[in-house]
Amino acid sequence: MRLSAYLLPTLKENPAEAQIVSHRLMLRAGMIRQHAAGIYTWLPLGLRVLRRIEQIVREEQDAAGAQEILMPTIQSADLWRESGRYEDYGKEMLRITDRHDRAMLYGPTHEEVVTDIFRQNVKSYRDLPRMLYQIHWKFRDEVRPRFGVMRGREFLMKDNYSFDLDHAGARRAYHRMFIAYLRTFARMGVKAIPMRADAGPIGGDMSHEFIILAATGESGVFCHRALVDKPVPEKVDYTADLQPLVDEWTALYAATDEKHDPQSEQVKALGDTLIAARGIEVGHIFHFGRKYSDPMKAVVAGPDGEPVTVEMGSYGIGVSRLVGAIIEASHDEAGIIWPESVAPFAVGLINLKTGDALTEATCQNLYDRLQRAGVDVLYDDRPDRAGAKFAAMDLIGLPWQVIVGPKGLEHGRVEVKNRATGAREDLSPEAVVDRLRSR
RNA sequence: CGGGGAGUAGCUCAGACUGGUAGAGCAUGGCGUUUGGGACGCCAGGGCCGCAGGUUCAAAUCCUGUCUCCCCGACCA
């Protein structure tokens, strides 16, 4: 992509409305624009990141055996009356009346819709287990939206719902998602620690929040040192018993500050293996049994022909929130530092002197060859000053910069800079493509 | 929903207290000088001063109402 033809409205100054670093950087880097409180337009650069995160989530969900569907954003109130939540859900639910005076709502979540789909279409224990997920926009009319996309009213979420014949099956589904989540966040280049969460009236150990560690995180967290760099499982066989793998993670202490008790024996025993950090919740997995299948009569025929009410769980990932959370975890004074796996482009190609014949030709050649090699390039071909281009490229945080100017070319060299480390290499233009292809 | 703050050019903000023809920097367009870390000079365009009402000869400025946005708290992915 040529920057001269790309909508990338970067800002030199911090917009007054943005307080936290990810919100400021997303506005300054031209990723988003606010439309109303907690509601945003995603501009081309921001959308690219959102799509890449979405795709990682999708691949890991599919690998864990879930199937993607797409449910409506606007739902009928009828289903919610059936589950009993229409009256319970407060003003966070955006209620809409259509032209025929029917009660509708913009979905804040989708348990009712997915349970309805399930009960209509799945009738036998032979069809279990099932996991159905979607990546879709939801709306919760938060009293106080803030932190940019980290706590918007409209947000993109992956929500998965599991259906099992019994509690043992539900536990297997839970474990599959537990492991899938570890892999998902690791692929995005962030450290996400599973922490036991409130399981509400269900109780038990079947609810975990996944929290990304970031110095500017919203809540304090405490965990065993070993969790921070614990390697995430590779090549998982999702048909195997995953309990031992999950136990390895849940055995180590981890708690958010509201659950953390410094006086407890367990915490005291940790000594200096306990670390305090800050974090941002980006995922939540939850077993809720028959909370919806019971009132909504999601029932299948069991092996003996008797009806069985299915066991359910739900598994959320805040996809749009992750964009902000990753920035909180990965930035510096100059701007964003994208992990390679979610970067909007892999490489920023900087032409330091447009109009200079050799510089132009070298840039054009690199641009073509990088694209042919399958490397996503953003080519800054604008006739701006060098300083402005450096600043803009650092701000938007592409992992690699290829810097081409007359001074280097005099010696047959261009510069390759790594955004994260700042390390620079002088290479011949010919060597650049191989260098970046093998990154 | 309680408490606080702010709405003036695309962005950051002055002007308001003490009413009198709407400003600066950045950004945008033109010209020139520059050119390896957000350059400099000259010129130009761009504003129902959030909206409505009131006071006044006269309102960005004073008064009332209202809408919107931000921050702290409670709440939440």
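Anyway, here's the lowdown on the structure attached to this text. (Residues numbered from 1 in each chain as written. Chains lettered and ligands numbered in written order. Predicted model: local features only at pLDDT ≥ 70, side-chain atom pairs only at ≥ 80, totals over all residues. Heavy atoms only, no water.)

**A word on unusual backbone geometry**
Move 1: For the bond from Leu 128 to Pro 129, the omega torsion is 0 degrees, close enough to zero to count as cis.
Move 2: Tracing the backbone shows Pro 129 in the loop between α5 (111-121) and β7 (130-139).
Move 3: A positive phi angle, close to 70 degrees, is found at Asp 101, a residue other than glycine.
Move 4: Assignment of secondary structure puts Asp 101 in the loop between β5 (94-97) and β6 (103-106).
Move 5: Residue Asp 101 is classed as exposed on the basis of its relative accessible area of 65%.
Move 6: For Phe 147, which is not a glycine, the phi torsion comes out positive at approximately 60 degrees.
Move 7: Checked against the element boundaries, Phe 147 lands in the loop between β7 and β8 (154-164). (Helix = DSSP H or I, 4+ residues; strand = E, 2+ residues; numbered from the N terminus. Buried < 20%, exposed > 50% of the residue type's maximum accessible area, 1.4 Å probe, protein only.)

**Let's talk about the packing of helix α6 (residues 167-187) against helix α8 (residues 243-250)**
Move 1: Between α6 and α8, the least distance of the axes is 10 Å, while the angle of their chain directions is 60 degrees. One finds that α6 runs oblique with respect to α8. Crossing of α6 over α8 shows left-handed handedness. Each of Arg 171, His 175, Phe 178, Ile 179 and Leu 182 in α6 lies in contact with α8, whose residues at this interface are Gln 243, Leu 245, Val 246, Trp 249 and Thr 250. (Axes fitted to C-alpha atoms, helices over the stretch in contact; angles between N-to-C directions. Parallel < 35°, antiparallel > 145°, perpendicular 65-115°, else oblique. Left-handed = near helix turned anticlockwise from the far one by under 90°. Contact = heavy atoms within 4.5 Å.)

**Looking at the protein's contact with RNA strand B**
Move 1: Around RNA strand B, the structure places 42 residues, and the nearest of them are Arg 144, Gly 152, Glu 281, Asp 394 and Arg 424.
Move 2: Per the 4 Å cut-off to the protein, sugar and phosphate atoms form 43% of the nearby atoms of RNA strand B.
Move 3: In the model, a sugar or linking oxygen of RNA strand B is placed 3.4 Å from a nitrogen or oxygen of the Glu 17 main chain.
Move 4: Here Lys 91 contributes a side-chain N or O atom positioned 3.1 Å from a phosphate oxygen of RNA strand B.
Move 5: Elements supplying a minimum of two residues to the surface near RNA strand B: β1 (32-36), α12 (386-396), α13 (406-410) and β22 (414-418).
Move 6: At 7 residues, the largest contribution of residues to the surface near RNA strand B is made by α12. (Near = heavy atom within 4 Å. Polar contact = N/O pair within 3.5 Å; in protein donor to acceptor, adjacent residues only side chain to side chain.)

**Here's the deal with the nonpolar core**
Move 1: Counting 81 residues, the largest nonpolar core has Met 31, Phe 185, Met 188 and Trp 338 as its most contacted members.
Move 2: Counting residues per element, this core draws most heavily on α6, at 9 residues. (Core = buried A, V, L, I, M, F, W, Y, C linked by side-chain atoms within 4.5 Å.)

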